[in-house]
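# Structural description and commentary
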Amino acid sequence: MASSETQVSCRDVWKVFGPNAAKVIESGDVDLPRAELMAKTGCTVAARDISFDVRRGEVFVVMGLSGSGKSTLVRCVTRLIEPTSGAIELCGRDVLGAQPKELRELRRTKVAMVFQHFGLFPHRRVIDNVAYGLEVQGIDRDTRYRRARELLGVVGLAPVEASYPDQLSGGMQQRVGLARALAVDPEVLIFDEAFSALDPLIRREMQDEVLRLQERLQKTVIFVTHDLDEALKLGDRIAIMKDGRFVQVGTPAEIVGAPADDYVREFVRDVPRGKVLTAAFATQPHGGEMPDEVVRHDQRLGELLPVVFGAKGPIGVVDGSGELVGILDRRMVVHVLAGREEPSVPEELPA
Amino acid sequence: MAAPTATTMRLPVAARIAGGRLGRWAPPLLLAIPLCVAAAAVEGIHAGFPAGWYLGVPRWFDGLNNWVTQNDSTNFFLHTIVSGFGNILNGATNDVVNLLHWMTWVGVLAAATVFAWIVGTWRTALFSALVICSFGVLQIPNGGPNGISQMWPSAMTTLALMTVAIVLSTIVGIPLGIASAIWPTVSRTLQPVLDLMQILPAFAYLVPIVVLFSIGNPAGIVATFIYAVPPLVRFTELGIRSVKKDVIEAAESFGSTRSQLLRNVQLPLAAQAIMLGLNQVIMMALSIVVIASLIGAGGLGDPVLNALQTQQIGEGAVAGLLIVLMAMWLDRSSAAFGQRAARDRAASGRTLTRRQLAGLCGAVLAVILVAHYGLALGDWPAGFGFSFVDQATTALNWVTNAFTGIAGPLSSFLTLHVLNPLQRWFGDVPWFIVAALVGTVGWARGGWRRGVLLAGCVVLLGLMQAPNGYTFQGTTSYNFVAWSDAMETLSLVVVALALDLVVGIPLGIAAYRWRAVDRVLRPILDFLQTLPAFVYLIPVVTLFGVGNVAGVSASLIYALPAAVRATTLGLRAVQHDVIEAGQAFGSTRWQLLFKVELPIARPYLMLAVNQTILLVMAEVVVAGLVGAGGLGLDVVTGFSRSEVGLGAAAGLAMVLMGIVLDRLSQSNPDRGRVATS
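Residues numbered from 1 in each chain as written. Chains lettered and ligands numbered in written order. Predicted model: local features only at pLDDT ≥ 70, side-chain atom pairs only at ≥ 80, totals over all residues.

### Let's talk about the sheet that holds strand β5 (residues 93-94) of chain A
All names here are of chain A. If you walk across this open sheet you meet the four strands as β2-β1-β4-β5, and the pairing is antiparallel. Two strands bound the open sheet, and with one partner strand each, they are β2 (44-55) and β5. Note: strand β4 (residues 85-90) against β5, two bridges, orientation antiparallel. Within β5, the residue paired with Glu 89 across the bridge is Asp 94. (Pairing = 2+ DSSP bridges. Helix = DSSP H or I, 4+ residues; strand = E, 2+ residues; numbered from the N terminus.)

### Notes on the environment of B:Gln473
All names here are of chain B. With respect to the element layout, Gln 473 can be found in the loop between β3 (471-472) and β4 (476-477). Owing to 9 C-beta atoms within 10 Å, Gln 473 belongs among the exposed residues under this scheme. Note: C-alpha distance between Gln 473 and Trp 102 (371 residues apart in sequence) is 49 Å. (Buried ≥ 20, exposed ≤ 12 C-beta atoms within 10 Å, placed from the backbone.)

### Focus on the confidence of the model for chain B
Residues and elements named next belong to chain B. Per-residue confidence for chain B averages 82 on the pLDDT scale, and 92% of its residues sit at or above 70. Of all secondary-structure elements in chain B, the lowest mean pLDDT belongs to helix α1 (residues 6-10), at 44, while helix α8 (residues 152-182) reaches the highest, 91. Low pLDDT (under 50) marks residues 1-10, which in the prediction has three contacts with non-local residues, meaning those over four places away or in another chain. In the predicted structure, residues 669-677 sits below a pLDDT of 50 and forms ten contacts with residues beyond four places in sequence or in another chain. Confidence estimates for the predicted assembly give a pTM of 0.77 and an ipTM of 0.77. (pLDDT = per-residue confidence, 0-100. Contact = placed C-beta atoms within 7 Å.)

### Re the domain arrangement of chain A
Accessible area lost upon the coming together of the parts serves often as the stated size of an interface. Residues and elements named next belong to chain A. When the domains of chain A are assigned, the result is domain 1 (3-110 + 186-268) and domain 2 (274-338). For domain 1 versus domain 2, the distance between C-alpha centres works out to 34 Å. Each partner contributes to the interface: domain 1 provides five residues, whereas domain 2 provides four residues. Tallying contributions element by element places helix α11 (residues 252-257) first for the side of domain 1 that touches domain 2, with four residues. Broken down by class, the residue content of the side of domain 1 that touches domain 2 amounts to four nonpolar, one polar and no charged. (Domains from an automatic or database assignment. Nonpolar A, V, L, I, M, F, W, Y, C, P; charged D, E, K, R; others polar.)

### Some thoughts on the packing of helix α20 (residues 482-513) of chain B against helix α23 (residues 548-572) of chain B
Residue and element names in this part refer to chain B. At a minimum axis separation of 7 Å, α20 and α23 run at an interaxial angle of 35°. Note that α20 runs across α23; the crossing there is right-handed. Across the contact of α20 with α23, the residue classes tally to 18 nonpolar, seven polar and two charged. (Axes fitted to C-alpha atoms, helices over the stretch in contact; angles between N-to-C directions. Left-handed = near helix turned anticlockwise from the far one by under 90°.)

Right, dumping it as structure tokens:
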């Protein structure tokens, strides 16, 4: 990917909570186990040497259990929490070096956040909540109300604009949170466990809403969650976080199909593999001629089962442009789906 | 309280003591006992505090007073700053009084009623109207105290004094609260000051204020301000701090500046808490009007004070009733104002548009203009009312007669067999035993620092006294033995406290246990809590005459609601699932109460004790007005005879005593006081 496309870039970001945090990093004490570090220095590490890039229009999911440091990490991106060290670039601007005024400017126009417990202002009507970001920018009342109404229409809440947040259901409240974030037309959207507090059905609805909006708006999204299904459903790429460290970064298929270590493997064990893994995971290189039956490399194995067991002859696998890249190995399909053997992603194939 | 388990039984005794509850008592006792023995050996065992030990505090204050009197017009600080500030307060009070008179009685009535209707319901409005009318309707005959025949002007003066004191409290209190919420350093610095202000009985700082501002309205306003401002600062800080973190974070994430955050988010969300604080300010301000009258603030407090001092209870009762009505009126109106924000948000009930509001204000203004210029009205006309004193006197006499058979013997029993022996007994204890005791308990409950501090306070209290045969510049001479006066005050406090706990905690349990009891009790407690402290003095003086018994009974009633409330509150705070667990194991209702609910509510019960002690002490001191002895009487005497040193030293002794009693009854040094209001 061209670097001009990079919207968010974090380099060697550390966040250590506690006294003399910067010294703790330099001294190397940070590598001590959690309890020992606490006893020795009074510090805890929330983010360890994190580097990642998010491209324009990409949905980058940070996923981990509670306490893994994911919420702290995304707060470092806009300095809601001050990182201890590292470099962060947001839309080409240096975040950590920014003066308070510059930082406010960034927060006002470039990036918006959706919060786990919604973070709605209970004393403001829905429309004033949605208009808040524009209000602090000093935009006049008519303009910001017009924009707020537009966004309320997008999330389907136009009829309740004059209500107060506590009169709405949880799902509706988070739609307000979403509309509020979109109202400032940010380039980057950050979702911090945005749907974790919602009921499963509502949660799925909200996820679909995000996918629908994303198709239209193509925002750059950083999405924090502890829910693997949510991560797999929404993420273009997923970073698995543990104890403040990224243990693996990759596409959903890579995470499920090629877990980097036992921790990730344990995580993805119960994922319905057929819904995530693609034909590429069961493809053997093949130089022969085009078989009668062909499938695309990025089709999910689950959907291909009727083809796999229905076809008489070999099944070819083609890439986006129709070139033959190999043939689908039936035995391998079974193994991959059962998760019994470590499948490897053929290098020449985009997964 | 759990039965010792097998393991603890087998431990050696010493280890058990060191590890258990007794362990906290061992170190202070090991220090205190030898110190006591040493003190007894050096000094011998005598009752009370040695007469030869004193700091000369009365002389300082007499000297200070003298200096202030002589330099009032020349010293920059006194002349420009203190007097200037006093003049501003006086001017503001006069302006408000004049405004209220200019508005005419019809205007005042209209404004109060319409305001109540806007913020509340028609019932609030009706109540306000009735209260305003009562200011005019209830009168006392010509030749009453200060020649007042109508209460209307006095009521307007009190209203003006309240307004200025409340505005002053708001101007100072809200910014201080905001500052403490934003900067932890400010909060840390203010906390102990506010603590002290809340522990202090108002009597303690009357004398220094008078020394600075001399007798008059400004002194009254400043005293009211000191008394009333702490809750406003606390509520403002609490309100801003309890705005949820995620809401703040959301506002920050959209790039709000700090002032935008404060204006758009924190202050609006804290508005209800701030209004609650303001409501408290109003109630506290009203509760001090009579005390403020002692230092020359006019208004309704004057006739009450006069009546208490001259035993003309009837007139005092009328003025007292008016103060109570004013308290209820202002309480309801300001509480309704506070709830308005919440009600608007819920979008239920009546909300007015800006135009409707403007219309109503215009209408009130029109009424005022017509009443003033068109009808040339003024204060409430004397003809629209009747003297209420005879009825009040008759009623009070009836009460006296009806209960005299009980009150007389009860009073003499309490005096002869409880108060006097207790006072004698307290007085007989050598000072070092008291200091050691206080120090030990303080240490055991709050660490050695607290123990040393409190023992120091005890010694300092003794040192407040004036030497035998004290005279100042040959003109002023008085006796002041701080120790024995403090012991007298203590005996009153102990009796009232004991009775309060014996009655209050069971009542609190009953209110928790049976809904019917709660339903009956709640309005009574509500009413009692809106009554200013001195109001209790009127009926008890009627019943028991002046003296200690009146003081004890007034304190008893004054503090009772707090004891009951804190108990009920504590029991209600016990989490439901814990109670369910208790029930699931088949506890009876009483087992549940004694094994689960009361033990869990223990911190609240401790709080009940703490609050009751402070309230009792405050009222016992105020009861000096009706001849209850001890430090309160010293302050009253100091005023009536212009013995500034006596009043001020007694005030300081009260401060020390208040600190000792408060800290002894607070078990956890780190925990701030829970707001029970």
